[in-house]
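Examination of the molecular architecture
Here's the letter readout for the chains.
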Amino acid sequence: MEEKDLKISIAHLYPKLLNLYGDIGNIITLKKRCEWRGITVEFEDINIGDKISEHDIYFIGGGQDKQQEEVADELYRQKDFLTEERDKNSVFLGICGGYQLMGHYYQPHDKERLNGISLMDAYTVAGNTRFIGNVTVKTDFTNPNTLVGFENHSGLTFLQGETKPLGRVEIGNGNNGKDKTEGGQYKNVFGTYLHGSFLPKNPHFADYLIELALEKRYGEKIVLSKLNDKLEQDTHLSLIGKSY
Ligand code: GLN
């Protein structure tokens with residue numbers, strides 16, 4: 001199929017509450033990298049009170065504990081639907097607070113535990129240190145094999161079972177500052193602590209997610225055409241190994 005004949009649908013979950021440090025830049029990157037190739041993008045914002053409908057890609061950004069509390073119940077009520085979507089290989093990307101809610105729970109300091117939707121076997125507990133700074137991650141499944149971004153979280157995330165990290169932290173703290181892992185992945189569900197926003201600085205990962213979503217929609221592997229990514233890749237390279 002030619003790219004101009006392809007379509008992809010993207011949902012932005014709770015953009016009015018979970019959009020810390022410009023995480024909407026991830027949505028803009030996904031939309032633009034499809035539109036630049038002539039791929040038609042259907043797009044929907046999902047806000048509090050909306051029923052989440054079927055999409056190829058679901059994105060949820062980061063937020064402070066208070067915003068996470070407002071979103072957690074909404075997400076939990078739609079856990080069964082979202083689990084079905086995961087098992088149909090829909091693509092999920094969660095950033096920081098959104099990532100934490102994709103696990104079993106997030107336990108803030110001195111507050112009630114927030115239920116997660118268990119899309120991946122992981123859990124998060126509040127730590128006593130706020131991790132702030134640039135992060136470089138080495139992966140074993142992307143080309144180039146690096147991911148870069150900015151972290152600002154006190155939550156400590158621990159992966160379990162079949163959940164794998166996105167990669168190994170070279171600079172920064174990542175999931176918990178202890179086990180040198182950053183992010184999580186299970187099936188086509190991906191989470192990361194990398195703000196920045198994340199995908200503009202990691203265009204290879206944006207294309208990786210778009211190809212997964214197209215394969216889920218059309219039932220065949222679709223390799224995207226190359227874009228002129230010199231600015232994005234130079235930005236990516238300039239951040240590798242940078243701590244502050
Ligand atoms: N409130 C969570 C924490 O501090 C998530 C913060 C965020 O999304 N940047 O760990």
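Residues numbered from 1 in each chain as written. Predicted model: local features only at pLDDT ≥ 70, side-chain atom pairs only at ≥ 80, totals over all residues. Heavy atoms only, no water.

Some points on the site of the ligand
Among the 16 residues in the neighbourhood of the ligand, the closest are listed as Gly63, Asp65, Gln68, Cys96 and Gly155. Asp65 is positioned with one of its side-chain polar atoms (N or O) 2.5 Å from a nitrogen atom of the ligand. Within the backbone of Gly155, a nitrogen or oxygen atom sits 2.8 Å from an oxygen atom of the ligand. If the ligand stood free it would expose 300 Å²; the protein chains cover 100% of that surface. If you list the elements that add at least two residues to the shell around the ligand, you get helix H2 (65-77), helix H4 (97-101) and strand S8 (146-159). Looking at the shell around the ligand element by element, the count peaks at 4 residues for S8. Classifying every residue of the shell around the ligand gives 3 nonpolar, 11 polar and 2 charged. (Near = heavy atom within 4 Å. Polar contact = N/O pair within 3.5 Å; in protein donor to acceptor, adjacent residues only side chain to side chain. Areas by Shrake-Rupley, 256 points an atom, 1.4 Å probe, with all protein chains shown as cover. Helix = DSSP H or I, 4+ residues; strand = E, 2+ residues; numbered from the N terminus. Nonpolar A, V, L, I, M, F, W, Y, C, P; charged D, E, K, R; others polar.)

Regarding empty space enclosed by the protein
Evaluated as defined, the whole model comprises 3 cavities of 30 Å³ or more. For the lining of the largest cavity, the secondary-structure elements that each account for two or more residues are H2, H4 and S8. In terms of residues, the lining of the largest cavity owes the most to one element, S8, which gives 4 residues. (1 Å grid on protein atoms, 1.4 Å probe; cavity = no way out; pocket = protein on both sides within 12 Å on 5 of 7 lines; lining within 4 Å. Points joined across faces, edges and corners; volume = space filled by probe spheres on them.)

Points about the side chain of Glu232
For Glu232, the location among the structural elements is in helix H6 (residues 230-239). An unpaired buried charge is present at Glu232: no salt bridge exists, and Arg33, the closest side chain of opposite charge, is 4.3 Å distant. The contacts of Glu232, once residues within four sequence positions are left out, are Arg33, Trp36, Pro200 and Pro203. (Buried < 20%, exposed > 50% of the residue type's maximum accessible area, 1.4 Å probe, protein only. Lys, Arg positive; Asp, Glu negative; His and termini not counted. Salt bridge = Lys/Arg side-chain N within 4 Å of Asp/Glu carboxyl O. Contact = heavy atoms within 4.5 Å.)

Topic: the packing of aromatic side chains
Counted by the stated rule, this structure contains 10 aromatic pairs. Taking 5.2 Å as the distance between ring centres and 70° as the angle between the ring planes, the aromatic pair formed by Tyr99 and Tyr193 counts as edge-to-face. Remark: Tyr193 occurs in the loop between strand S12 (189-192) and helix H5 (203-218) and Tyr99 occurs in helix H4; sequence separation between them is 94 residues. Relative accessible area serves as the criterion here: at 1%, Tyr99 is assigned to the buried category. Between the aromatic rings of Phe141 and Phe205, the centroid separation amounts to 6.2 Å while the plane-to-plane angle is 75°, which identifies the pairing as edge-to-face. You can see Phe141 sitting in the loop between strand S7 (122-138) and S8 and its partner Phe205 sitting in helix H5, a full 64 residues away along the chain. For Phe205, a relative accessible area of 0% translates into the label buried. Each residue in the set Phe141, Phe190, Phe198, Phe205 and Tyr208 is aromatic and connected to the rest through ring pairs, giving one cluster. Looking at Lys51, its charged tip hangs above the ring of Phe81, at a distance of 5.5 Å from the centre. Lying across the ring of Tyr105, Arg113 places its NZ or CZ 3.6 Å from the centre. (Phe/Tyr/Trp six-rings, centres within 6.5 Å; stacked < 30°, edge-to-face > 60°. Lys NZ or Arg CZ within 6 Å of the ring centre and 35° of its normal.)

Brief notes about the pairing of strand S2 (residues 40-46)
Relative to S2, strand S1 (residues 7-13) is paired through 7 bridges, and the arrangement is parallel. Across the sheet, the residue bridging to Ile8 is Val41, located in S2. Crossover handedness for the path S1 to helix H1 (residues 24-35) to S2: right-handed. (Pairing = 2+ DSSP bridges. Right-handed = clockwise from strand over helix to strand, strands pointing away.)

Quick notes on the layout of surface pockets
Of the volumes computed, that of the largest pocket is approximately 330 Å³. Taken together, 17 residues make up the lining of the largest pocket; nearest its centre are Asn143, His204, Asp207, Tyr208 and Lys226. At 5 residues, the largest contribution of residues to the lining of the largest pocket is made by H5. Here the lining of the largest pocket is built from residues that sort into 6 nonpolar, 5 polar and 6 charged.

Some details on the sheet that holds S2
Within the open sheet, the 6 strands sit side by side as S2-S1-S3-S4-S12-S11. Their pairing is mixed. A single partner strand is all that each edge strand has here, and the edge strands are S2 and strand S11 (184-186). On average, adjacent strands in this sheet sit at an angle of 15° to one another, irrespective of strand direction. Of the strand pairs in this sheet, S11 and S12 are connected by 3 bridges, and their pairing is antiparallel. Paired with Tyr186 across the strands is Val189, a residue of S12. The strands that H1 touches are S1, S2, strand S3 (57-60) and strand S4 (91-95); relative to S1, the one it contacts most, it runs at about 175°. (Axes fitted to C-alpha atoms, helices over the stretch in contact; angles between N-to-C directions.)

That is the geometry; function is a separate question.
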